[in-house]
Amino acid sequence: MTLDELQRIKKWHVAHRSDHPVEYHLWDVMLTLWVMGWVGWLPAFAFEAVWAVPLCLLAMSSPTLYVSWRGRAHRAHKLRCDWIAR
């Protein structure tokens, strides 16, 4: 997922914050995890905390995983996601 895609989705959530507050906060959680993963991998490597590396990788990929999960649910007509790129 590129920074442009992250920004496009974030802009949609900010614009529709009052209509979709849960989605807005879920996206903030995904972005927080993403930043934590990128910030945490260096200390995990430096302090040889091997157990933290998979957590950092999972956190770094959390926005992509979230968007793919929402996309599958949208295509299956279980959720409506107006912010998914067509």
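Basis of the calculations
- Residues numbered from 1 in each chain as written.
- Predicted model: local features only at pLDDT ≥ 70, side-chain atom pairs only at ≥ 80, totals over all residues.
- Heavy atoms only, no water.
- Salt bridge = Lys/Arg side-chain N within 4 Å of Asp/Glu carboxyl O.
- Helix = DSSP H or I, 4+ residues; strand = E, 2+ residues; numbered from the N terminus.
- Buried < 20%, exposed > 50% of the residue type's maximum accessible area, 1.4 Å probe, protein only.
- Expected span 1.5 Å × (residues − 1).
- Arc of directions from axis to C-beta.
- Contact = heavy atoms within 4.5 Å.
- Patch = residues over 30% accessible without salt bridge, like charges linked within 9 Å, V, L, I, M, F, W, Y side chains within 5 Å.
- Areas by Shrake-Rupley, 256 points an atom, 1.4 Å probe, with all protein chains shown as cover.

1. A few points about the pattern of salt bridges
A side chain of one charge can pair with a side chain of the opposite charge if their charged atoms are brought near each other.
Reasoning step 1: Inspection of the entire model under this criterion finds three salt bridges.
Reasoning step 2: Aspartate 28 serves as the salt-bridge partner of lysine 10, at 2.4 Å between the closest nitrogen and oxygen. Separated by 18 residues along the polypeptide, lysine 10 in helix H1 (residues 3-15) and aspartate 28 in helix H2 (residues 21-46) bring together distant segments of the chain.
Reasoning step 3: For glutamate 23, the salt bridge goes to arginine 70, with nearest N and O atoms at 3.5 Å. Taken together, the positions of glutamate 23 in helix H2 and arginine 70 in helix H4 (residues 62-75) put the pair 47 residues apart, joining distant regions of the chain. For the pair glutamate 23 and arginine 70, one class covers both residues: buried.

2. As for H4
Because the α-helix completes a turn every 3.6 residues, residues three or four places apart line up on one side.
Reasoning step 1: Under the 1.5 Å per step criterion, the end-to-end length of H4 is 20 Å for 14 residues, consistent within 8% with the ideal 20 Å.
Reasoning step 2: Of all the positions in H4, only Ser62, Pro63, Tyr66, Val67, Arg70, Gly71 and Ala73 are classed as buried. Down the axis, H4 shows its buried residues gathered within 165 degrees of arc, on one side only. Exposed residues lying more than 90 degrees from the buried face of H4 are Arg72 and Arg75.
Reasoning step 3: Elements in contact with the buried residues of H4: H1, H2 and helix H3 (52-60).

3. Looking at a nonpolar patch on the surface
Reasoning step 1: On the surface, a cluster of nonpolar side chains totalling about 500 Å² of accessible area is made up of Trp38, Trp41, Leu42 and Phe45.
Reasoning step 2: As for its position among the elements, tryptophan 41 is in helix H2.
Reasoning step 3: Residue classification places tryptophan 41 among the partly exposed residues on the basis of a relative accessible area of 40%.

Purely geometric numbers; function is a separate question.
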